[in-house]
Structure formats: C-alpha cells, structure tokens
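Read off the chains here:
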Amino acid sequence: MARATNGPASRARRKRILLRAKGFRGFRSKLFRYAKDAVYKAWQYEYRDRKRRKGQFRRLWSARISAAVRPLGLTYSRFMEGLKAANIDLDRKSLADLAVSNPEAFKAVFDAAKKAIDAKQGATLAK
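Everything numeric here is computed off the predicted structure, so don't read it as measured data. (Residues numbered from 1 in each chain as written. Predicted model: local features only at pLDDT ≥ 70, side-chain atom pairs only at ≥ 80, totals over all residues. Heavy atoms only, no water.)

(A) Molecular detail of unusual backbone geometry. Unlike most non-glycine residues, Asn6 shows phi in positive territory, near 60°. Considering the arrangement of structural elements, one finds Asn6 in the segment before α1 (7-20). (Helix = DSSP H or I, 4+ residues; strand = E, 2+ residues; numbered from the N terminus.)

(B) Geometry of helix α3 (residues 76-85). Taken together, the buried positions of α3 are Tyr76, Phe79, Met80, Gly82 and Leu83. Considered in projection along α3, the buried side chains sweep an arc of 155° and stay on one side of the axis. Looking one or two residues beyond α3, the residue adopting positive phi is Asn87, at roughly 55°. (Buried < 20%, exposed > 50% of the residue type's maximum accessible area, 1.4 Å probe, protein only. Arc of directions from axis to C-beta.)

(C) Fine view of helix α2 (residues 32-69). Across its 38 residues, α2 extends 54 Å between first and last C-alpha, which sits within 8% of the 56 Å expected from 1.5 Å per residue. Its maximal kink placed at Arg50, α2 deviates by approximately 30°. Here α2 has its buried residues at Ala35, Ala38, Val39, Ser62, Ile65, Ser66, Ala68 and Val69. (Expected span 1.5 Å × (residues − 1). Bend = angle between axes of the 7 residues up to and from the residue.)

(D) Here's a closer look at the packing of α1 against α2. Remark: α1 packs on α2, axes separated minimally by 9 Å, with the N-to-C direction vectors making an angle of 60°. The orientation of α1 relative to α2 falls into the category oblique. In terms of crossing hand, the pair formed by α1 and α2 is left-handed. Residues Arg14, Ile17, Leu18 and Arg20 of α1 touch α2, and the partners they reach there are Phe32, Ala35, Lys36, Val39, Tyr40 and Trp43. (Axes fitted to C-alpha atoms, helices over the stretch in contact; angles between N-to-C directions. Parallel < 35°, antiparallel > 145°, perpendicular 65-115°, else oblique. Left-handed = near helix turned anticlockwise from the far one by under 90°. Contact = heavy atoms within 4.5 Å.)

(E) Broad picture of the environment of Gly82. Along the polypeptide, Gly82 turns up in helix α3. Overall, the relative accessible area of 0% leaves Gly82 in the buried class. With 27 residues separating them along the chain, Gly82 and Val109 place their C-alpha atoms 9.8 Å apart. When residues no more than four places from it in sequence are discounted, the contact partners of Gly82 are Ala113, Ala116 and Ile117.

(F) Seen up close, the pattern of salt bridges. For the structure on display, the rule yields 5 salt bridges. Arg48 is paired through a salt bridge with Asp49; the nearest N and O atoms lie 3.0 Å apart. With a relative accessible area of 31%, Asp49 lands in the partly exposed category. Taking the shortest distance from any N to any O, the salt bridge between Lys107 and Asp111 comes out at 3.0 Å. Taken together, the positions of Lys107 and Asp111, both in helix α5 (residues 103-126) and 4 residues apart, correspond to about one turn of that helix. According to the relative accessible area criterion, Lys107 is partly exposed, its value standing at 35%. Among the charged side chains, a salt-bridge network with shared partners connects Arg78, Glu81 and Lys120. (Salt bridge = Lys/Arg side-chain N within 4 Å of Asp/Glu carboxyl O.)

Keep in mind these numbers describe shape, not what the thing actually does.
Written as structure tokens, this is what we have:
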C-alpha cells in the first residue's frame, strides 16, 4: 500500500499562504517557505497596527482641536480643562469634527468652556 502524504490538504494550505502573499516582492510571493514567513510577519504588523491606529487618531483629533482653539486665545489643555469645568462631555472625535465641519458650533462650545474657566479663576481669586 502506498504511503499517505495528505497531499491535497498540504497543497491547499500552501496555496492559501501563497494567495495571501500575492503582491509581495520577489520570492516572498513565489516560494512557500519565504511567503509563509512574510505572511506571518504581516499578520503580526496587522494585529499591532490595529491597536496603534486608535492612538494615531486620538493624536490627530487633539492636533485639530488645538489648531482650532489657538486662534481663539486658549491652549488645548486649558480648553479641555474648561470643557470639564463646564460639564461638557464631548469626546475628542466629535470636537475635532465640529472644529473642521461646523466652526460656529465649535465657537459656541469654546465660549462655554472659556466662561467656565473664567468663573473657576474668579472663584479661586475670591478665596
């Protein structure tokens, strides 16, 4: 009796890896041994960067908020302090979207935060 090598399953497994390596350069897309390493490494980067993307977006939103607030006379951190003092619970994504797409609404939020900062400073000065 001939030796069973599980050929169809092995061929299918190799084919799956080579299909995932499509678009890689050189032998990393042609030879199974190297394609397997490249695909596994790509999966590691993919997993890591799904986590990193969240931080990158947070930095982008903070930069947009800061750019919108500075011409109005506050820094990013003071603005966020004012939002907290005014009990305005908007996340950074919403604030950045307001700053870009609807400057009038962002100005209204800014005015409320500025008012809360001024009231907070007045309260500390009165003590």
